[in-house]
Amino acid sequence: MSAKLHKQFQDFHDAIKLDKSSTLLKDKRDMLQSDIESKLPDKLSGIGISITKTDLSFFDQGSYRQGISTGIKSATADRDVAVEFELDIDQHDDPRKVKKCVRDALKIENVRHPAIKEPCVTVTYLKAGEESIHIDFPIYAKHNGSYFLARGKETSEKYDWERCDPHGLNSFLENMFAGNEGNQLRRIVRYLKKWKVENYGDSYTKDQMPPSIALTLMAGDVFEYQTTDGQDDDLAALSSVAKGIKGKFRYNWDTEKYTISYSLPVCPWSNVFYKMSEEYQDRFYKKICTLCTKVQNAVDATEEYEAAKFLQAVFGEDFELPEEPKAKSGTARNEYSYA
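Below is a short write-up of the structure. Predicted, not measured: the structure shown is a model, and the values here were computed from it. (Residues numbered from 1 in each chain as written. Predicted model: local features only at pLDDT ≥ 70, side-chain atom pairs only at ≥ 80, totals over all residues. Heavy atoms only, no water.)

Points about the packing of aromatic side chains
To describe a pair of aromatic rings, you give the distance between the ring centres and the angle between the ring planes.
In step 1: For the structure shown, the criterion picks out 18 aromatic pairs.
In step 2: Measuring from centroid to centroid gives 6.1 Å for Phe59 and Tyr140, while their planes differ by 25°, and the two rings are stacked. One end of the pair, Phe59, is in strand 1 (residues 57-61); the other, Tyr140, is in strand 6 (residues 139-143), with 81 residues separating them in the sequence.
In step 3: What makes Phe59 buried here is its relative accessible area of 9%.
In step 4: The buried category is assigned to Tyr140, whose relative accessible area is 6%.
In step 5: Residues Tyr191 and Phe315 carry aromatic rings whose centres are separated by 6.3 Å and whose planes lie at 55° to one another, so their mutual orientation is tilted. Here Tyr191 is found in helix 6 (residues 179-200), whereas its partner Phe315 is found in helix 10 (residues 304-315), with 124 residues between them in sequence. Note on accessibility: Tyr191 and Phe315 belong to one class, buried.
In step 6: Among the aromatic residues, those joined into a ring-pair cluster are Trp195, Tyr200, Tyr204, Phe249, Tyr251, Trp253, Tyr258, Phe273, Tyr280, Phe284 and Tyr285.
In step 7: It is Arg96 that lies over the ring of Tyr159; its NZ or CZ is 3.8 Å from the centre.
In step 8: When the ring centre of Tyr200 is taken as reference, the NZ or CZ atom of Lys287 above it lies at 5.0 Å. (Phe/Tyr/Trp six-rings, centres within 6.5 Å; stacked < 30°, edge-to-face > 60°. Helix = DSSP H or I, 4+ residues; strand = E, 2+ residues; numbered from the N terminus. Buried < 20%, exposed > 50% of the residue type's maximum accessible area, 1.4 Å probe, protein only. Lys NZ or Arg CZ within 6 Å of the ring centre and 35° of its normal.)

Laid out in structure tokens, this is it:
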């Protein structure tokens, strides 16, 4: 007996994944890195910071590095490229000034317009007037053997060098995705990111949606490798992960809402849901409940066609239906959906 909908999950994953060898992201990263290397030392000298090109280090982080990026049509392809160099943050205590220098090193008048965001400097590329890809450059100062992230928008009154461990987080994630079991987890994370796109869309801001790092870390926390007769069973694994994430919520009797918190596994150990209000945490819970129900319906369905219809309802038409049987049979448990 093969794993249920094995072919459909394979095709679905192929449809939504973003190949790490994406030529466009690679070419843009190389071009932008070259501009930073050649122009940033001069920009920083203007605020009293002396570095050379060889003092700069670059490394990928986030979804692209871990091979969990998606090529979903309604989502923007992105890449996080960290910029790191030695800096005395006691002497240069305003990270906004450093971020402005990075912005100016990347800027080309009337051609390229980088933006300073709270955790990074971003370069966005448009296609037919719509955002096609963007590359984020978080800036890290290495000071006394520790790493500090430059936080703060250009004119924000709230800014600081936040102590963190970007290399430790990369190592944690690489271990989490190791081996064949990690390959199944990588697919599950992509399914969850596709679910997020389908169930939130353009009507929500980033602060109203669960961040991708939260979905990734929680999935890794509750994931159990699933096979059927020696074949990866992504449906069973997805069902287990969805239920595991649902189980991390807690009910607040005072506000009558479900809330969730989850800490980064490395410094600064911050809650990845800190930007998400209680109202939207509760909404996230209801959406996860719907996901659990639909996936369990698929698990219980006796016909693959019926099972796939439940999954298409949460993943969209990229999850293709198998051939419809001539004579329908089998039942599925009742659904309970939440808005």
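Moving on from the coordinates now.
Some points on the nonpolar core
In step 1: The biggest cluster of nonpolar side chains holds 55 residues, and the ones touching the most others in it are Phe273, Phe284, Leu311 and Phe315.
In step 2: Secondary-structure elements contributing two or more residues to this core are helix 1 (6-16), helix 5 (166-176), helix 6, helix 7 (212-222), helix 8 (234-246), helix 9 (278-300) and helix 10.
In step 3: Of the residues forming this core, the biggest block, nine residues, is contributed by helix 9.
In step 4: Look past the residues within four positions of Leu311 in its chain and what remains in contact with it is Leu5, Phe9, Leu235, Val295, Ala298, Gly316 and Phe319.
In step 5: The next biggest cluster of nonpolar side chains, apart from the first, holds 32 residues, and it includes Val102, Tyr125, Ile135 and Trp161. (Core = buried A, V, L, I, M, F, W, Y, C linked by side-chain atoms within 4.5 Å. Contact = heavy atoms within 4.5 Å.)

Details of the packing of helix 6 against helix 9
In step 1: At a minimum axis separation of 12 Å, helix 6 and helix 9 run at an interaxial angle of 115°. Taken as a pair, helix 6 and helix 9 cross one another with a handedness that is right-handed. Side by side, helix 6 and helix 9 meet where Leu192, Trp195, Asn199 and Tyr200 of the first sit next to Phe284, Lys287, Ile288 and Leu291 of the second.
In step 2: Residues that form the contact of helix 6 with helix 9 fall into these classes: six nonpolar, one polar and one charged. (Axes fitted to C-alpha atoms, helices over the stretch in contact; angles between N-to-C directions. Left-handed = near helix turned anticlockwise from the far one by under 90°. Nonpolar A, V, L, I, M, F, W, Y, C, P; charged D, E, K, R; others polar.)

Comments concerning the side chain of Asp232
In step 1: Counting through the fold element by element, Asp232 comes out in strand 10 (residues 231-232).
In step 2: Among the polar contacts made by the side chain of Asp232, one reaches the side chain of Arg187 at a distance of 2.9 Å.
In step 3: Discounting chain neighbours no more than four positions away, the residues touching Asp232 are Ala3, His6, Asn180, Gln184, Arg187, Tyr225, Gln226 and Thr227. (Polar contact = N/O pair within 3.5 Å; in protein donor to acceptor, adjacent residues only side chain to side chain.)

Describing helix 10
In step 1: If you check helix 10, its first and last C-alpha atoms are 16 Å apart, about what twelve residues at 1.5 Å a residue would give, namely 16 Å.
In step 2: Along helix 10, the residues that are buried comprise Tyr305, Ala307, Ala308, Phe310, Leu311, Val314 and Phe315.
In step 3: In this structure, the buried residues of helix 10 make contact with helix 1, helix 6, helix 8 and helix 9.
In step 4: Looking one or two residues beyond helix 10, the residue adopting positive phi is Gly316, at roughly 85°. (Expected span 1.5 Å × (residues − 1).)

Re the environment of Asp42
In step 1: Counting through the fold element by element, Asp42 comes out in helix 2 (residues 23-45).
In step 2: Classification of Asp42 as exposed rests on a relative accessible area of 56%.
In step 3: Taking the C-alpha atoms as reference, Asp42 lies 9.8 Å from Lys53; in sequence the two are eleven residues apart.

A look at a positive patch on the surface
In step 1: A contiguous patch of positive charge, built from Lys117, Lys153, Lys206 and Lys275, is present on the exposed surface.
In step 2: Residue position: Lys117 is located in the loop between strand 3 (115-116) and strand 4 (121-127). (Patch = residues over 30% accessible without salt bridge, like charges linked within 9 Å, V, L, I, M, F, W, Y side chains within 5 Å. Areas by Shrake-Rupley, 256 points an atom, 1.4 Å probe, with all protein chains shown as cover. Salt bridge = Lys/Arg side-chain N within 4 Å of Asp/Glu carboxyl O. Lys, Arg positive; Asp, Glu negative; His and termini not counted. Charge placed at Lys NZ, Arg CZ, Asp CG, Glu CD.)

Considerations on the pairing of strand 6
In step 1: For strand 6, a buried count of four out of five residues is recorded, marking the element as mostly surrounded by other parts of the structure.
In step 2: Sheet analysis places strand 6 next to strand 7 (residues 146-151), joined by four bridges and oriented antiparallel. Across the sheet, residue His143 finds its bridge partner in strand 7, namely Ser146.
In step 3: Taken together, strand 6 and the strand that follows it, strand 7, pair antiparallel across an intervening segment of two residues, in which Asn144 is found at a positive phi of about 55°. (Pairing = 2+ DSSP bridges.)

What about the environment of Ala214?
In step 1: Looking at the secondary structure, you find Ala214 in helix 7.
In step 2: Ala214 sits 49 residues away from Ser263 along the chain, and the two C-alpha atoms are 8.8 Å apart.
In step 3: Among all residues touching Ala214, those that are not within four sequence positions of it are Val272 and Phe273.

Brief notes about the pattern of salt bridges
In step 1: All told, the structure shown has 19 salt bridges when counted by the stated rule.
In step 2: Of the charged contacts in the structure, one is a salt bridge between Asp60 and Arg29, with a shortest N-O distance of 3.2 Å. Residue Asp60 is located in strand 1, and its partner Arg29 is located in helix 2; the two are separated by 31 residues in the primary sequence.
In step 3: For Arg29, a relative accessible area of 9% gives the class buried.
In step 4: For the salt bridge of Asp234 with Arg187, the shortest nitrogen-to-oxygen distance reads 2.8 Å. Of this pair, Asp234 sits in helix 8 while Arg187 sits in helix 6; the two residues are 47 residues apart in sequence, bridging distant segments of the chain.

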